[in-house]
Amino acid sequence: MSATGAGGGAATSRHDTSGLEPAHENALLSVRNLKKYFPVRKGLLSRIVAHVKAVDDVTFRVGAGETLGLVGESGCGKTTAGRAALRLIEPSSGLVSFEGRDVLAARGADLRRLRRHMQIIFQDPYASLNPRMSVADIVGEGLKVHRLVSSRAELESRVGELLERVRLDPSFVNRYPHEFSGGQRQRIGIARALSLSPKFIVCDEAVSALDVSIQAQIINLLMDLRDELGLSYLFIAHDLSVVQHISDRVAVMYLGKIVERARTDQLFADPRHPYTQALLSAVPKADPKRRTERIVLQGDVPSPMNPPPGCAFHTRCPAVLDVCRVEAPPLRDAGGGHTYSCHLDT
Ligand code: SF4
């Protein structure tokens, strides 16, 4: 590896930290230069003394029928990025468009219409379902809010159809969340997300709380639904092995920024960024020839309130150079849509 050699990714720009991401024009969802800074207040007057840069200049797109995996350790900003793209939290700045419409400028009825097409599945199937509501009321809440059903019988019938879609017995409509296993609860969460016939779903660590065997079932279900309904996903996970099968492309986040992105096959065959290499080294490989030594990263992710200067990964990077401590890394283009931010030309 060298810092300047010509064998790997050509450096593109030292100023664009959001990641080379062409062809936004035809994207279903287009997110550009998204930032979400949370103010830190202190003292009697509650003055702003700092900002937590949870998402710091992130750009990505998701095409129709496509799944983008968004991966990184806990606290890297991936969940905030997903929620800001849906405007469940207001971004500090940036552009978000859905089918060419400006999501951040939408108000009132326009925003409600946009939201019908953009849904979310949450991580914890135990916490995300109200224990006092029946399955019919949980899954059918959106149908009632948008006045898409006119009677209880119609509501239960529609919810029964949605339960069948997620491979649950439609007779479960009048049961309560405590009567279900974790995997079944997550299916109920998926049925709720499908209730308004969305085009795009953020799957926010949607399988992380489940056993490995159940994870595979839910991922298979999500893939089937994508094919049956033409859905697009932003699939957020901290584990690369979880996103491997479902994602067409993967973006890797560290401390609020995307540090590498590529088609899934490219990323798994030829990871360029040392952080991606470390994450990938933890993924179990069935083929003994492809097994590599595990790279164990030292220390915790630094605080996004006070990210390290230069390359934010330099405090943990096994390949750190002197320049990494003072200068932000250039964005390198490895070809075929594969880009990464690093001083090393790998
Ligand atoms: Fe690349 Fe950052 Fe590691 Fe330097 S510290 S080699 S820029 S990842």
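Please refer to the structure higher up on the page.
Described in the following lines is the structure provided in the data block. As the structure is a computational prediction, the values presented were derived from the model and not from experiment.

Looking at the overall build of the protein chain
Thought 1: When helices and strands are counted, the protein chain shows 10 helices and 13 strands.
Thought 2: A compact globule built from 346 residues would reach a C-alpha radius of gyration of about 20 Å, and the protein chain, at 21 Å, matches this within 12%.
Thought 3: In terms of its C-alpha atoms, the protein chain occupies a principal-axis envelope of roughly 70 × 60 × 40 Å.
Thought 4: Scored against the burial criterion, the 346 residues of the protein chain give a buried share of 49%.

Some thoughts on the site of the ligand
Thought 1: Every residue near the ligand is listed here: His273, Pro274, Cys311, Phe313, His314, Cys317, Ala319, Cys324, Pro329, Cys342, His343 and Leu344.
Thought 2: In this structure, the ligand is accommodated by the largest cavity.
Thought 3: Across the shell around the ligand, the residue classes break down as nine nonpolar, three polar and no charged.

Some words on helix H6 (residues 182–194)
Because each turn of an α-helix spans 3.6 residues, side chains separated by three or four positions end up pointing in the same direction.
Thought 1: The terminal C-alpha atoms of H6, which comprises 13 residues, lie 18 Å apart, in line with the 18 Å expected from a rise of 1.5 Å per residue.
Thought 2: Buried residues dominate H6, accounting for 11 of its 13 residues.
Thought 3: Within H6, the full set of buried residues consists of Gly182, Gly183, Arg185, Gln186, Arg187, Ile188, Gly189, Ile190, Ala191, Ala193 and Leu194.
Thought 4: Where H6 is buried, its residues meet strand S7 (118–121), helix H3 (135–139), helix H5 (152–165), strand S8 (200–204) and helix H7 (212–229).

Structural notes on the layout of surface pockets
Thought 1: The computed volume of the largest pocket comes to approximately 480 Å³.
Thought 2: Lining the largest pocket are 18 residues; nearest its centre among them are Arg115, Met118, Gln119, His146 and Leu196.
Thought 3: Taken together, the elements giving at least two residues each to the lining of the largest pocket come down to helix H2 (108–116), S7, helix H4 (141–145) and H6.
Thought 4: In terms of residue class, the lining of the largest pocket is built from nine nonpolar, four polar and five charged.
Thought 5: Sort the elements by how many residues they give to the lining of the second largest pocket and strand S11 (residues 257–263) lands first, with three residues.

Digging into the sheet that holds strand S3 (residues 47–62)
Thought 1: On the basis of which strands lie adjacent, the open sheet formed by four strands has the order S3-S2-S5-S6 and antiparallel pairing. Two strands bound the open sheet, and with one partner strand each, they are S3 and strand S6 (101–102).
Thought 2: For strand S5 (residues 93–98) and S6, the ladder comprises two bridges, and the chain directions are antiparallel. Each bridged residue has a counterpart across the sheet, and for Ser97 the counterpart in S6 is Asp102.
Thought 3: Each of strand S2 (29–42), S3 and S5 touches helix H1 (residues 78–86); the most contacted strand, S2, lies at about 110° to it.

Let's talk about the pattern of salt bridges
A side chain of one charge can pair with a side chain of the opposite charge when the charged atoms of the two come close.
Thought 1: All told, the structure shown has 18 salt bridges when counted by the stated rule.
Thought 2: Across the pair Glu66 and Arg249 runs a salt bridge, and its minimum N-O distance is 2.8 Å. Placement of the pair is Glu66 in the loop between S3 and strand S4 (67–71) and Arg249 in strand S10 (residues 249–254), with a sequence separation of 183 residues.
Thought 3: Taken together, the shared-partner salt bridges connect Asp137, Lys144, Arg152 and Glu156 into one network.

Some thoughts on empty space enclosed by the protein
Thought 1: All chains considered together, the criterion is met by one cavity of 30 Å³ or more.
Thought 2: The calculated volume of the largest cavity comes to roughly 80 Å³.
Thought 3: Considering the residues around the largest cavity, the lining is formed by 14 residues, among which Pro274, Cys311, Cys317, Cys324 and Cys342 are closest to the centre.
Thought 4: A per-class count over the lining of the largest cavity returns 10 nonpolar, four polar and no charged.

A closer look at the environment of Glu99
Thought 1: On the secondary structure map, Glu99 appears in the loop between S5 and S6.
Thought 2: C-alpha separation for the pair Glu99 and Pro177, spaced 78 residues apart in sequence, amounts to 35 Å.
Thought 3: A distance of 3.0 Å separates polar atoms of two side chains, one belonging to Glu99 and the other to Arg101.
Thought 4: Within the structure, the side chain of Glu99 is placed 2.7 Å from the side chain of Lys199, a separation counted as a polar contact.

Side note on the packing of aromatic side chains
Thought 1: The final tally for this structure, using the stated rule, is five aromatic pairs.
Thought 2: For the pair Phe172 and Phe180, a centre-to-centre distance of 5.2 Å together with 65° between the ring planes defines the contact as edge-to-face.
Thought 3: Classification of Phe180 by relative accessible area gives buried; the value is 6%.
Thought 4: Relative to Phe313, the ring of Tyr275 lies with its centre 5.2 Å away and its plane at 65°, an arrangement referred to as edge-to-face. You can see Tyr275 sitting in helix H10 (residues 274–281) and its partner Phe313 sitting in the loop between H10 and strand S12 (331–335), a full 38 residues away along the chain. The same class applies to Tyr275 as to Phe313, namely buried.
Thought 5: Linked through ring pairs, Tyr254, Tyr275 and Phe313 together constitute an aromatic cluster.

Focus on the nonpolar core
Thought 1: Ile190, Leu222, Phe235 and Leu240 are the most contacted members of the largest nonpolar core, which has 61 residues in total.
Thought 2: Not counting residues up to four positions away in its chain, the partners in contact with Leu222 are Ile121, Ile190, Cys203, Tyr233, Phe235 and Ile246.
Thought 3: Membership of the second largest hydrophobic core comes to 31 residues, among which are Val55, Val62, Leu114 and Ile236.

Conventions and cut-offs
Residues numbered from 1 in each chain as written. Predicted model: local features only at pLDDT ≥ 70, side-chain atom pairs only at ≥ 80, totals over all residues. Heavy atoms only, no water. Helix = DSSP H or I, 4+ residues; strand = E, 2+ residues; numbered from the N terminus. Rg over C-alpha atoms; globule rule 2.2 N^0.38 Å. Buried < 20%, exposed > 50% of the residue type's maximum accessible area, 1.4 Å probe, protein only. Near = heavy atom within 4 Å. 1 Å grid on protein atoms, 1.4 Å probe; cavity = no way out; pocket = protein on both sides within 12 Å on 5 of 7 lines; lining within 4 Å. Sits in = over half its atoms within 2 Å of the grid points. Nonpolar A, V, L, I, M, F, W, Y, C, P; charged D, E, K, R; others polar. Expected span 1.5 Å × (residues − 1). Contact = heavy atoms within 4.5 Å. Points joined across faces, edges and corners; volume = space filled by probe spheres on them. Pairing = 2+ DSSP bridges. Axes fitted to C-alpha atoms, helices over the stretch in contact; angles between N-to-C directions. Salt bridge = Lys/Arg side-chain N within 4 Å of Asp/Glu carboxyl O. Polar contact = N/O pair within 3.5 Å; in protein donor to acceptor, adjacent residues only side chain to side chain. Phe/Tyr/Trp six-rings, centres within 6.5 Å; stacked < 30°, edge-to-face > 60°. Core = buried A, V, L, I, M, F, W, Y, C linked by side-chain atoms within 4.5 Å.

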